[in-house]
Amino acid sequence: MVYLANRFGKDTPNGICIDLALSQETLAAMVGKPRQRINRLLKQWEETEWLSVKYREVTIRQIGELESFGNDML
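Residues numbered from 1 in each chain as written. Predicted model: local features only at pLDDT ≥ 70, side-chain atom pairs only at ≥ 80, totals over all residues. Heavy atoms only, no water.

(A) Representation of the overall build of the protein in the model. A tally of helices and strands in the protein yields four helices and four strands. Secondary structure of the protein in N-to-C order comes out as α-β-β-α-α-β-β-α. Relative to the compact-globule value of 11 Å for 74 residues, the protein shows a C-alpha radius of gyration of 11 Å, a close match. Seen along its three principal axes, the alpha-carbon backbone of the protein occupies a region of about 30 × 25 × 20 Å. For the protein, with 74 residues in total, the buried portion stands at 31%. Contacts in the protein between residues at least 24 apart in sequence constitute 46% of all its contacts with a sequence separation of at least 6. Accessible surface, the protein as shown: approximately 5,100 Å² in total, 47% of it carbon and sulfur. Looking at charge distribution, the protein has the averaged site of its 10 positive side-chain charges lying 7 Å from that of its 10 negative ones. (Helix = DSSP H or I, 4+ residues; strand = E, 2+ residues; numbered from the N terminus. Rg over C-alpha atoms; globule rule 2.2 N^0.38 Å. Buried < 20%, exposed > 50% of the residue type's maximum accessible area, 1.4 Å probe, protein only. Contact = heavy atoms within 4.5 Å. Areas by Shrake-Rupley, 256 points an atom, 1.4 Å probe, with all protein chains shown as cover. Lys, Arg positive; Asp, Glu negative; His and termini not counted. Charge placed at Lys NZ, Arg CZ, Asp CG, Glu CD.)

Quick look at the structure:
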């Protein structure tokens, strides 16, 4: 997610907005994890307010938290 933010994100007042048409299936394939794991993480990160998810859009509110999470823990 941090890679996508750095590569495709746009700074907004609410955080870094990634406006890409990526499904959870595609995100899962990109990181080599099951879609269900990605779904759980997105929900968990929304609950902790690290990010918000809308149709075709993810806004990262706490990029530092996601960076410290790291891909190895996905």
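(B) Representation of the packing of aromatic side chains in the model. By the definition in use, this model includes one aromatic pair. Ring centres of tryptophan 45 and tryptophan 50 lie 6.3 Å apart, and the angle between their planes is 25°; on these two criteria the pair is classed as stacked. Taking the relative accessible area as the measure of exposure, tryptophan 50 reaches 17% and is therefore buried. (Phe/Tyr/Trp six-rings, centres within 6.5 Å; stacked < 30°, edge-to-face > 60°.)

(C) Highlighting the UniProt feature "domain: HTH crp-type" (unreviewed entry) in the protein. Residues annotated by UniProt as "domain: HTH crp-type" (unreviewed entry) correspond here to residues 1–64. End C-alpha to end C-alpha, residues 1–64 measures 12 Å, and it is 47% helix and 23% strand. (UniProt positions renumbered as here; feature names shortened; annotations may be inferred.)

(D) Looking closely at the pairing of strand E4 (residues 57–60). Pairing of strand E2 (residues 15–18) with E4, which is carried by three bridges, proceeds in the antiparallel orientation. Across the sheet, isoleucine 18 pairs through a bridge with valine 58, a residue of E4. Counted between consecutive antiparallel strands, the loop separating strand E3 (residues 51–54) from E4 contains two residues, among which arginine 56 sits at a positive phi close to 65°. (Pairing = 2+ DSSP bridges.)

(E) Spatial organisation of the nonpolar core. Ranked by internal contacts, the top residues of the largest apolar core, which has 17 residues, are Trp45, Leu51, Ile60 and Leu66. When residues of this core are traced back to their parent elements, those giving at least two are helix H1 (2–8), E2, helix H2 (24–31), helix H3 (35–47), E4 and helix H4 (63–69). Of the residues forming this core, the biggest block, four residues, is contributed by H3. (Core = buried A, V, L, I, M, F, W, Y, C linked by side-chain atoms within 4.5 Å.)

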